[in-house]
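# Commentary on secondary and tertiary structure
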Amino acid sequence: MSTQAPDILRLFGTNLRRIRKERGFSQRELSARCNVDNADISRMENGEINVTLRTLSQLADALEVAILELLADRKT
């Protein structure tokens, strides 16, 4: 189980970065749109920190995507 946590954090971070860039947002702009610290956006994208459900919802709303898109494994 401990090996899954870092994997999901990396997957989430990869998806967050990809979707943010697809929307044309800088980390700073996304930070302002969802009221999350800019440094935390960077750490999330690098898979360094976990997020709360509230933060996950704020990010999805700011990016105008379903929460599942931030967690989806595109390999399958």
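Before reading further, recall that the structure is shown in the block above.
Conventions used here
Residues numbered from 1 in each chain as written. Predicted model: local features only at pLDDT ≥ 70, side-chain atom pairs only at ≥ 80, totals over all residues. Heavy atoms only, no water. Core = buried A, V, L, I, M, F, W, Y, C linked by side-chain atoms within 4.5 Å. Buried < 20%, exposed > 50% of the residue type's maximum accessible area, 1.4 Å probe, protein only. Helix = DSSP H or I, 4+ residues; strand = E, 2+ residues; numbered from the N terminus. Contact = heavy atoms within 4.5 Å. Arc of directions from axis to C-beta. Polar contact = N/O pair within 3.5 Å; in protein donor to acceptor, adjacent residues only side chain to side chain.

## With respect to the nonpolar core
Counting residues in hydrophobic clusters, the biggest one holds 17 residues, and the most contacted among them are Leu 16, Leu 30, Leu 59, Leu 63 and Leu 70. Those elements that provide at least two residues to this core are α1 (4-22), α2 (27-34), α3 (38-45) and α4 (53-63). At 5 residues, the largest contribution of residues to this core is made by α4. Discounting chain neighbours no more than four positions away, the residues touching Leu 59 are Phe 12, Leu 16, Leu 30, Cys 34, Ile 41, Met 44 and Leu 70.

## A short note on α4
Residues spaced three or four apart along an α-helix face the same direction, because each turn holds 3.6 residues. Along α4, the residues classified as buried are Thr 55, Leu 56, Leu 59, Ala 60, Ala 62 and Leu 63. In an axial view of α4, the angular spread of the buried residues amounts to 165°, which keeps them on one side of the axis. The exposed residues of α4 that point more than 90 degrees off its buried face are Leu 53, Arg 54 and Asp 61. Where α4 ends, the next residue or the one after it, Glu 64, has phi of about 55°, a positive value.

## Some details on the environment of Thr 52
Checked against the element boundaries, Thr 52 lands in the loop between α3 and α4. The exposure class of Thr 52 is partly exposed, given its relative accessible area of 48%. There is a polar contact of 3.0 Å between the side chain of Thr 52 and the backbone nitrogen of Thr 55.

## As for unusual backbone geometry
Of note, Asn 35 is a non-glycine position whose phi angle comes to about 60°, a positive value. By the element assignment, Asn 35 lies in the loop between α2 and α3. Residue class for Asn 35 comes out exposed when judged on its relative accessible area of 68%. The phi dihedral of Glu 64 falls on the positive side, at around 55°, and the residue is not glycine. Tracing the backbone shows Glu 64 in the loop between α4 and α5 (67-71). For Glu 64, a relative accessible area of 69% translates into the label exposed.

Read these as geometric descriptors, not functional statements.
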